[in-house]
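Fold and geometry: a report
As a plain string of letters, each chain reads:
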Amino acid sequence: MLDIYKYKKIMFFFLIGLMLSACGPQTPTTPTPVPDELVVVDEISVDLTLDWYVATDGDDDNSCTTPAEPCLTLGGAYRKSRPFDRIHLAAGTYVESGTSGSLLHLWSTQNVTVIGESAADTILDAGSAVGGVFLAGTAKVRLENLTIQNTSRASASGCVETRDDSEAILVNVILNNCWRSGITHNSTGVDRLTNVIIRNTIDENTDPDFVLNGSGIDNGGEMILEGGEIYGNGSSGISNSGLLLATGTVIRDNQSHGIDHTGTLLILDDVTISGNGIFAPQRAGILARGSGTIRITDSRIIANLNTGIVLGSGQELDLDSTTIRDHSSMGLNLRAGSHSIITNSTIQNNGLRLNPRADPSNPSAIYNEGTLLLTLSKVLDNSYGGIRNAASGRVYISKSELSGNLGDEPAVNNHGDTSYLQITQSLIANNQTGDRAAVVNNNGIARILTTTISNNSGTGLALGWDNTTSFISYSTIVENGGNGIWPGRFPVDNTIIANNTAGQCITSIPIGGGTVTGTNIDTDGSCGFPAASTYTSAALLLGPLADNGGFTRTHALLAGSPAIDAAVGRCFPEDQRGEPRPGGASCDSGAYEDPIGLPPSADPETPELTATRNANCRYGPGTAYDIADTLFEGQTALVLARNEGNTWFQIAGPSFGTDCWVSYVTVETSGAVNTAPIGTGPALPDAPPGQPPAPPHGCFVYDQNQAAICTVPCPSNPQPGGVCTP
């Protein structure tokens, strides 16, 4: 905005100009420079920004106000200009001596736009004698359609540097052969780069194991990238210690990391990161360190010379609709203390060992020490197994497929003694892991729910002999090259174990100390199920592994299969495909629910409830009871009972089938809820005399949607952690 004095002054000169022009032609004079603002008089707008011109055949003593009388140098035009003016550079190469040791040096409130003919035709060459474009204070620059190259080694600024509160906008610009960085941003302003190419940044250090400088972008503030390409730089493509948003950008073939992220936020959309780590060992497409967040959508992280993504402690990753493939080592290395959500993504063909300098340890496609939620995703064709979950790791796999993985490593290896693995509504098939089981659990906790394990080269499932906390429920383990399962002291519930080459169970489950609940089925009697639950392969009437709808392939139950309506006890609300259970009078054993004979729609008076948000489901009607299960937002359940005030409702827990109670504030009810019987919970322990019952203490644990739910009792290594009282 103009102050009153400045407005009156501009109006005076504007009106004088009108009167002079009415008197006839005048002798041309150099226009008086004024700020880039509009004067409005009787609805007539006048742009007071001045244009200056530069050409290789110009002269800095010219007026420089027309293309016919251009300056010779950018510096000459800049010295004539005033804030908000535009400088036009004709095609040509300008070897500049610069101002204050830079091609362009802007201080305080200076503001200028520099426009070339095109990045290919207009070149500002520092001749290795001066720095690039330097901004400080609240200065602003807009650079369009030009190349800046060959900045001096004596300068720390690279081709463009912004400090203090300054800002730079670059459009259709090439930064080439810059010293230390293409652009260095350490201001509170926002730098914006559109269709910018940054390449061949110079790094004096020649030791590939110790790369310090030479990043294409060194961002310590806020930066937005749209399009463009960052390649062939002496260190990382981008070093980000601030906030960076990139859309449609290609980051490739840089000597160190594609992106070295130590900042608070990195957002990538439609970005390609490939071929990085050319000369440096154990580098990654993205290396994330410190405490921060990374969100990646619709992107490609491909063929970097070591690992796709390394996620350090304190970092959070949200990966959606992205491909990570063709790396010499891991696709993802998720370290202790990290949190990752991977959705609708593919992790494929990693662990190739093409780079002799790649990290030789833990070559699985995903190595996890943190907390990982993998949903609606695929882990395919990797050379050394699919997912390896270390001692501190917690992995939740749902509605996903792990297939075609190779090498002497399981498709899923729950490796640590304290690690946790949960697989629901997923497929683990066609993995060629030699004699190793497709899914291996040592002494951690593994829960296999509504999942198919089929056509793997070795045993289907090995959960650890002395493990009493793991269990298998409503799953189908068939047609594996070894045994179906290596049983231990864990429960098996309503599961089909059939047609495995070396037999169904290595030893009887009850003899091994395990428990059998519901109706389990095998095809050779080796699992210790009741004799009535053993059928021949032909009598089982199990279809081949095929696309029967839903998230992943399944083995359908053919008409007349004894597994149809055979399950006993509570069952999950959906089968592996997401189809509703039951499909008949009772649920079916195994991961597949026969859709034929689905019962008619529920009576509109049947009492039901739907979670309006993720809801703790407790052992009794009140917060004094421990949490037994979780009813996730959008899930529906029948009301089994209610308390007298209709503030708590009993349902069958959706994950574990245990009857539990949810609060009315977390659900919406429908049907004749008042017809449900009145129920009560188990007795609570008495409080010491004169003291109220102490509320249970728990901790926050991420659910499958990455919502933090207060859980009691607190599990080992909770993520994100933090004491809470439900």
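Here the structure is shown first, and the text comes after it.
Residues numbered from 1 in each chain as written. Predicted model: local features only at pLDDT ≥ 70, side-chain atom pairs only at ≥ 80, totals over all residues. Heavy atoms only, no water.

1. Considering the overall build of the protein
When helices and strands are counted, the protein shows three helices and 66 strands. Restricting to contacts in the protein with at least 6 residues of sequence separation, those with at least 24 account for 55%. Summed over all atoms, the accessible surface of the protein reaches about 29000 Å², with 53% contributed by carbon and sulfur. (Helix = DSSP H or I, 4+ residues; strand = E, 2+ residues; numbered from the N terminus. Contact = heavy atoms within 4.5 Å. Areas by Shrake-Rupley, 256 points an atom, 1.4 Å probe, with all protein chains shown as cover.)

2. Overview of the pattern of salt bridges
For the structure shown, the criterion picks out 13 salt bridges. Here E229 and R252 are joined by a salt bridge, their closest N and O atoms 2.5 Å apart. Within this pair, whereas E229 is found in strand β18 (residues 229–231), its partner R252 is found in strand β21 (residues 250–252), the two being separated by 23 residues in sequence. When its relative accessible area of 21% is taken as the criterion, E229 is described as partly exposed. (Salt bridge = Lys/Arg side-chain N within 4 Å of Asp/Glu carboxyl O. Buried < 20%, exposed > 50% of the residue type's maximum accessible area, 1.4 Å probe, protein only.)

3. With respect to the nonpolar core
One finds I148 and L175 to be the most contacted residues of the largest nonpolar core, which totals 95 residues. If you look at the next biggest cluster of nonpolar residues, it comprises 15 residues, including L609, A611, C617 and V662. (Core = buried A, V, L, I, M, F, W, Y, C linked by side-chain atoms within 4.5 Å.)

4. Quick notes on the side chain of D260
Relative to the helices and strands, D260 resides in strand β22 (residues 259–261). A distance of 2.8 Å separates the side chain of D260 from the side chain of R289, its partner in a polar contact. Contact partners of D260, with chain neighbours within four places excluded, come to S236, I238, S239, N240, L287 and R289. (Polar contact = N/O pair within 3.5 Å; in protein donor to acceptor, adjacent residues only side chain to side chain.)

5. Description of the state of the cysteines
If you walk through the whole model with that rule in mind, you get five disulfides. The residue that forms a disulfide with C505 is C527, at a sulfur-sulfur distance of 2.0 Å. Measuring handedness by torsion sign, the sulfur bridge of C505 and C527 sits at about 90° and is right-handed. With a gap of 22 residues between them, C505 in the loop between β51 (496–498) and β52 (516–517) and C527 in the loop between β53 (521–522) and α3 (537–540) connect regions that are remote in the sequence. You'll find C505 and C527 in the same group, each marked buried. Between C571 and C587 runs a disulfide, and the two sulfur atoms are separated by 1.9 Å. With C571 in the loop between β55 (554–557) and β56 (608–611) and C587 in the loop between β55 and β56, this pair connects stretches of sequence that are 16 residues apart. (Disulfide = S-S within 2.5 Å.)

6. Re the packing of aromatic side chains
Here the structure, examined in full by the defined rule, presents three aromatic pairs. Note on Y396 and Y420: the rings are 5.5 Å apart at their centroids and 45° apart in plane angle, and the pair reads as tilted. Taken as a pair, Y396 in strand β38 (residues 394–398) and Y420 in strand β41 (residues 420–424) lie far apart in primary sequence, 24 residues in all. Taken together, a centroid distance of 5.7 Å and an interplanar angle of 80° make the contact between Y474 and F572 edge-to-face. Placement of the pair is Y474 in the loop between β47 (471–473) and β48 (476–478) and F572 in the loop between β55 and β56, with a sequence separation of 98 residues. Like Y474, the residue F572 is buried in the burial classification. (Phe/Tyr/Trp six-rings, centres within 6.5 Å; stacked < 30°, edge-to-face > 60°.)

7. Focus on the pairing of strand β57 (residues 615–618)
Here β57 shows two buried faces, one formed by A615 and C617 and the other by N616 and R618. Bridge analysis of β57 against strand β58 (residues 627–631) gives four bridges, and the strand direction is antiparallel. Paired with R618 across the two strands is I627, which belongs to β58. (Pairing = 2+ DSSP bridges.)

8. Digging into unusual backbone geometry
Most peptide bonds take the trans configuration, and most residues that are not glycine carry a negative phi. Put simply, R581 and P582 share a cis peptide bond, and its omega is -10°. Assignment of secondary structure puts P582 in the loop between β55 and β56. In this structure, R180 is a non-glycine residue whose phi angle is positive, near 80°. Mapped onto the fold, R180 is located in the loop between β12 (167–176) and β13 (181–187). Overall, R180 belongs to the partly exposed group, its relative accessible area being 31%.

9. A look at the sheet that holds strand β59 (residues 636–638)
Across the sheet, three strands lie side by side as β59-β56-β63; this open sheet has antiparallel pairing. With partners counted over all chains shown, the strands left at the sheet margins are β59 and β63 (667–670), one partner each. Each adjacent strand pair in this sheet contributes to an overall mean axis angle of 25°, direction not counted. Direction of pairing for β56 relative to β59: antiparallel, over a ladder of three bridges. For L609, the partnering residue across the bridge sits in β59 and is A637. (Axes fitted to C-alpha atoms, helices over the stretch in contact; angles between N-to-C directions.)

10. Points about the environment of G514
With respect to the secondary-structure elements, G514 resides in the loop between β51 and β52. Residues G514 and V492, spaced 22 residues apart in sequence, show a C-alpha to C-alpha distance of 7.6 Å.

11. So, the side chain of N306
Position of N306 among the secondary structure elements: in the loop between β27 (300–302) and β28 (307–311). A polar contact is formed between the side chain of N306 and the backbone oxygen of R283, at a distance of 3.4 Å.

12. What to know about the pairing of strand β9 (residues 131–135)
The buried count for β9 comes to five of five residues, which makes it a mostly enclosed element. Alignment of strand β6 (residues 102–106) against β9, held across four bridges, turns out to be parallel. Looking at β9, one finds that L106 is bridged to L135. By the bridge criterion, three bridges tie β9 to strand β11 (residues 160–164) in an arrangement that is parallel. The partner of F134 across the bridge, within β11, is E161.

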